[in-house]
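# Residue-level structure breakdown
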Amino acid sequence: MSTPFPTGTILGYPRIGRRRELKKAVEAFWAGKISAEELEAAAAELRAVTRERLATLGLGRADSSIPEAFSYYDQVLDAAVTVGAVPTRFSRLVKEDGSLDLAGYFTIARGEGQDVPAEMTKWFDSNYHYLVPEIGPETNFSLASDRLIREVAEATTSGFRTRPVIVGPVTFLLLSKASESAPEGYQPLDRLDDLLPVYAELLAALTAVGAEWVQLDEPALVSESIEVDRATVLAATEKAYALLGAVPARPQIFVAAPYGSLDDALPVLLASPVEAIGVDLVKGSLDGISTSSIGDTVIVGGVIDGHNIWRGDLAAAFDKLEAAGATSVSSSTSLFHTPHDVDDEPLLDPRLKSWLAFADQKVDQIATLAVGLRNGRAAIQDELDAATDALTDRHNAPGVRDGAVRRRAASLTEADFSRGDYAERLAAQDEALNLPFLPTTTIGSFPQTGDIRKARALHAKGELSEREYNDYLKAEIKRVVDLQEEIGIDVIVHGEPERNDMVQYFAEHLDGFAVTQNGWVQSYGSRCTRPSLLWGDVAREAPITVEWSTYTQSLTEKPVKGMLTGPVTILAWSFVRDDQPLADTANQVALALRDEIADLEAAGIGIIQVDEPALRELLPLKKKDQPSYLDWSVGSFRLATAGVEKKTQIHTHLCYSEFGVVIDAIDRLDADVTSIEAARSKMEVVPDIQSSGFGRGIGPGVYDIHSPRVPSVEEVTGLIEIALGSIPERQIWVNPDCGLKTRGYTETVESLTNVVEATLAVRARH
Ligand SMILES: CN1c2c(nc(N)[nH]c2=O)NC[C@@H]1CNc1ccc(C(=O)N[C@@H](CCC(=O)N[C@@H](CCC(=O)N[C@@H](CCC(=O)O)C(=O)O)C(=O)O)C(=O)O)cc1
Ligand SMILES: N[C@@H](CCS)C(=O)O
Ligand SMILES: [Zn+2]
């Protein structure tokens, strides 16, 4: 008899470790400080601790409720190496049996020497970035890694029966891009027939080591942003699950579809042999699906938000499960978007803590709802009531609603969102700034060295006084200014050494936010952030950046660019209150930034950059939701920036490669200068920007900052010439793709020197 699907489960759990053990071990391996065996041992220890923790929190040891979802770097890269999809430029790393060792795996992720690493891109509407697989006619699919199989066996040995998790075949191909050698119009999804036998072989192997259920993640099925037509996606889904369903001696299949509604993909899955389907009932719904069409398939209701940290309305979550006829409960997405444990935050206000649920508290909530599903609502009534009481307390707490903030937001008029005629602004700025043709600048941050982070850590521990820390930062800023002067950059930045993170820093200085000590969340690879908690009405008590910018301006005759993070990005990279529309919260943040911008302007800073790298990230996955998002997000940027005089130049910065849907919105931001990521795509985006009628300043990045590779003068010259080929020359700025915080000084100095040399050469020719 087949084993039933567990009543309560999660789609995944943070894998970086409560104290970022994995990050530290992986980075130590990269630095040659530990061996591959030591890294394997650290990872095995982390997996063991995670399984024990989840069992303690209420998931079953032997009922397949604990997901086996570890990754050293990225789950999409893991799927690629499992099916043997290694780009040919890395073929030398592949061993005779098709597998890779750990060093080879990381080389694909991070590149080596002149080898370009795999491209990174945003994972659905989250702040996680995955590595894009490259598929072409040359890709030979085979079961090339037994890592997942070994991890399931490892769990079995220690007394667990876990549920292996892997990206499903349809999502894997939909997230892949055609390799360089693929012909024009090549679609990775065309290779489905070749890929499925490998998944089939994997399923059989998982059964052999004791897996009774397998989780295949198919989030691409909820997204309308996938560039393959829907009928093709649905046909591929039908074919994939018919074939996998027919594998003899396979585990039962659980298809998880986080981040939205499955819509027309749900009937396809229901008609397939798949035994369980995970539906996201936080972002999506089961609207239009009749109970009779569900039949024997287990509906796993994702009612606990895996993408946010609020304790939320547990009674409403239970209602949703009942309405959906769900027999199992889960998180809506993997919990790897949330930090580990609220109880690991001794400095957070206890009242705020009582409103929160990080990963561990969410597992506990799921265990509670599972009891409710098994034994009826009355069995969990106390827990439901406690969550309702916490919500009421949160609603009435001081700071959640601030009269002055609300009155200011309510009195806004059209004029507050508009800067007036661009031609007049341009003339005023040309006169005030007197910049050369093709002005050079950087995006803001300079390398965040170990020494800077150490100084900040010492300051936080009280071992470096406020004054010593400030003096240290000032010396750092002076070094960065002198360096830019030496290299010959036209618009100077201060390098952002005082910022632990471009969002957290502002959160630490604004009312309405709290920050965590240990709330790390994986952003990509070994890199993590601590998203701030935006819990109340937002206001600025005092200037935040003005002293740093005026100090910087005192060191140079050249214009200094003030540097702020925009409202949408502050929201995107924080955990935001869920009790009012995001648009309202965005305007509160915008007003706080508007005050900061007014103070910078009054202090003589003539150029102010407001970064919005996350504008694309918050774009809803469903097309019908996109226009209203773009309206409020653009509106909040304009509200933040529209208070300045015509002669003050507003810059913005965006760093992602898919501009398509947001090109119009970028224009509507009405920034005087916009720097964008463009080098990795060799300026592909430039003609699109131009044909959209974009008439203001534009700085298409001339080198990729994601790797230490130094661009040559010729390469940069070539990219500037490409830009000059489609954009009127007075509009063009020269800058890197993004900030330099993750880079080292050696490559930074060489790269910027080449950028300036290339610019001078092009200036001389024109
Ligand atoms: C641009 N990106 C960002 C995103 N989200 C953000 N919130 N911020 C971003 O910049 N999303 C999209 C992209 C993702 N990219 C990145 C790029 C780089 C990082 C990164 O480098 N993260 C760091 C941590 C940064 C940080 O918060 N630093 C703090 C704390 C440093 C620390 O670990 N201190 C040690 C002690 C230090 C010592 O003694 O040496 C400790 O606490 O143990 C700081 O500088 O103060 C990372 O290391 O992962 C993230 C996303
Ligand atoms: N000003 C920031 C933007 C990063 S997207 C930086 O330079 O790091
Ligand atoms: Zn950037």
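As annotated in an unreviewed UniProt entry, the protein is 5-methyltetrahydropteroyltriglutamate--homocysteine methyltransferase from Glaciihabitans arcticus. According to the UniProt record, the Function (unreviewed entry) comment for the protein reads "Catalyzes the transfer of a methyl group from 5-methyltetrahydrofolate to homocysteine resulting in methionine formation." Its UniProt record gives the protein a comment under Catalytic activity (unreviewed entry), which states: "5-methyltetrahydropteroyltri-L-glutamate + L-homocysteine = tetrahydropteroyltri-L-glutamate + L-methionine".

A tally of regular secondary structure across the protein gives 27 helices and 21 strands. The C-alpha atoms of the protein give a radius of gyration of 26 Å, which matches the 27 Å a tight globule of 766 residues would have. A total of 766 residues make up the protein; the buried ones form 50% of that total. Pairs at least 24 residues apart make up 77% of the contacts formed inside the protein by residues separated by at least 6 positions.

Let us now look at the site of ligand 1. Around ligand 1, the structure places 20 residues, and the nearest of them are Asn500, Ser523, Arg527, Thr529 and Trp573. The leading source of residues in the shell around ligand 1 is helix α17 (residues 450-460), at five residues. Here the shell around ligand 1 is composed, by residue class, of seven nonpolar, seven polar and six charged.

So, about the domain arrangement of the protein. Taken domain by domain, the protein consists of domain 1 (21-396) and domain 2 (423-765). If you average the C-alpha positions of domain 1 and of domain 2, the two centres end up 33 Å apart. In this assembly, 37 residues from domain 1 lie in contact with 30 residues from domain 2. When residues of the side of domain 1 that touches domain 2 are traced back to their parent elements, those giving at least two are α1 (21-30) and β2 (120-122). When residues in the side of domain 1 that touches domain 2 are grouped by element, the largest group, three residues, is from α1. Classifying every residue of the side of domain 1 that touches domain 2 by side-chain character gives 16 nonpolar, eleven polar and ten charged.

A few words on the UniProt feature "binding site: L-homocysteine" (unreviewed entry) in the protein. Taking the numbering used here, the UniProt-annotated feature "binding site: L-homocysteine" (unreviewed entry) corresponds to Ile443, Gly444, Ser445, Glu496 and Asp611. Sequence-wise these annotated residues cover 169 residues; spatially they are packed, their C-alpha atoms never more than 12.8 Å apart. Note that Gly444 resides in the loop between α16 (422-433) and α17. Looking at Gly444, the number of C-beta atoms within 10 Å reads 26, which means it is buried. Not counting chain neighbours up to four residues away, the residues in contact with Gly444 comprise Val493, Glu496, Met563, Gln609 and Gly739. Mapped onto the secondary structure, Asp611 falls in strand β18 (residues 607-611).

Let us now look at the sheet that holds β18. Strand order across the open sheet formed by five strands is β16-β18-β19-β20-β21, with parallel pairing between neighbours. At either end of the open sheet lies a strand with only one pairing partner, and these are β16 (561-565) and β21 (697-700). Strand-to-strand twist in this sheet, taken as the mean axis angle between neighbours without regard to direction, amounts to 20 degrees. Here four bridges tie strand β20 (residues 673-676) to β21, and the two strands are oriented parallel to one another.

Inspection of the secondary structure puts Glu224 in the loop between β7 (213-217) and α8 (230-245). In this structure Glu224 comes out as partly exposed when scored by C-beta crowding, with 15 C-beta atoms within 10 Å. Beyond its immediate sequence surroundings of up to four residues, Glu224 is in contact with Leu621, Lys622 and Lys623.

So, on to the UniProt feature "binding site: Zn(2+) 1" (unreviewed entry) in the protein. The feature "binding site: Zn(2+) 1" (unreviewed entry), as given by UniProt, occupies His653, Cys655, Glu677 and Cys738 in the numbering adopted here. The annotated residues occupy 86 residues of the chain but converge on a single region, no pair of C-alpha atoms lying more than 8.5 Å apart. Relative to the elements of secondary structure, Glu677 occurs in the loop between β20 and α25 (685-691). With 23 C-beta atoms packed within 10 Å, Glu677 lands in the buried category. Here Cys738 lies in the loop between α26 (713-726) and α27 (745-765). Cys738 has contacts with Ile443, Cys655, Glu677, Gly701 and Ile705, leaving out every residue within four places of it along the chain.

Quick look at the packing of α1 against helix α2 (residues 36-56) now. Contact geometry of α1 with α2 gives a least axis separation of 9 Å together with a crossing angle of 175 degrees. Compared by their axis directions, α1 and α2 come out roughly antiparallel. Two secondary-structure elements touch here, α1 through Glu21, Leu22, Ala25, Val26 and Phe29 and α2 through Ala36, Leu39, Ala42, Ala43 and Leu46. Here the residues of the contact of α1 with α2 are counted per class, giving nine nonpolar, no polar and one charged.

Counting 213 residues, the largest nonpolar core has Phe254, Val255, Ile277, Val300 and Leu321 as the members making the most contacts within it. At eight residues, the largest contribution of residues to this core is made by helix α22 (residues 582-602).

Turning to the pairing of strand β13 (residues 521-524), a few remarks are in order. Sheet topology note: the β13/strand β14 (residues 527-529) ladder contains three bridges and is antiparallel. Within β14, the position partnered with Gln522 by the bridge is Cys528. Taking the residues between adjacent antiparallel strands as the criterion, β13 and β14 are bridged by two residues, where Gly525 takes a positive phi near 50 degrees.

Reading guide: rules and limits
- Along each chain, numbering runs from 1 in the same order as the chain's sequence is written.
- Chain letters and ligand numbers both follow the written order, the letters beginning at A and the numbers at 1.
- Given that this is a predicted model, residues contribute local features only at a pLDDT of at least 70 and side-chain atom pairs are listed and counted only at 80 or more, while totals for whole chains, interfaces and linings are drawn from all residues.
- UniProt positions are given in the numbering used here, feature names are shortened, and annotations may be inferred rather than shown by experiment.
- Secondary structure elements are taken from DSSP: a helix is a run of H or I of four residues or more, a strand is a run of E of two residues or more, and numbering for both begins at the N terminus.
- Here the globule rule is a power law, 2.2 Å times the number of residues to the power 0.38, and the radius of gyration is based on C-alpha atoms.
- Note on burial: count the other C-beta atoms lying within 10 Å of the residue's C-beta; 20 or more is buried, 12 or fewer is exposed, in between is partly exposed, and C-beta positions come from the backbone.
- Contact between residues is assigned whenever the C-beta positions, reconstructed from backbone atoms, fall within 7 Å.
- Think of it this way: take the backbone, place a C-beta atom on it, and check whether that atom is within 6 Å of the molecule or strand, in which case the residue is near it.
- The nonpolar class holds Ala, Val, Leu, Ile, Met, Phe, Trp, Tyr, Cys and Pro. Asp, Glu, Lys and Arg form the charged class, and all remaining residues, Gly among them, are polar.
- Here the bounds of each domain stem from an automatic or database domain assignment.
- When DSSP finds two or more bridges between two strands, those strands count as paired.
- Each axis is a line fitted through C-alpha atoms, and for a helix only the stretch in contact is used; angles between axes span 0 to 180 degrees, taken between their N-to-C directions.
- Under this scheme an angle from 65 to 115 degrees is roughly perpendicular, one under 35 degrees roughly parallel, and one over 145 degrees roughly antiparallel; angles in between are oblique.
- Buried Ala, Val, Leu, Ile, Met, Phe, Trp, Tyr and Cys residues form a nonpolar core when they are connected through C-beta atoms within 7 Å.

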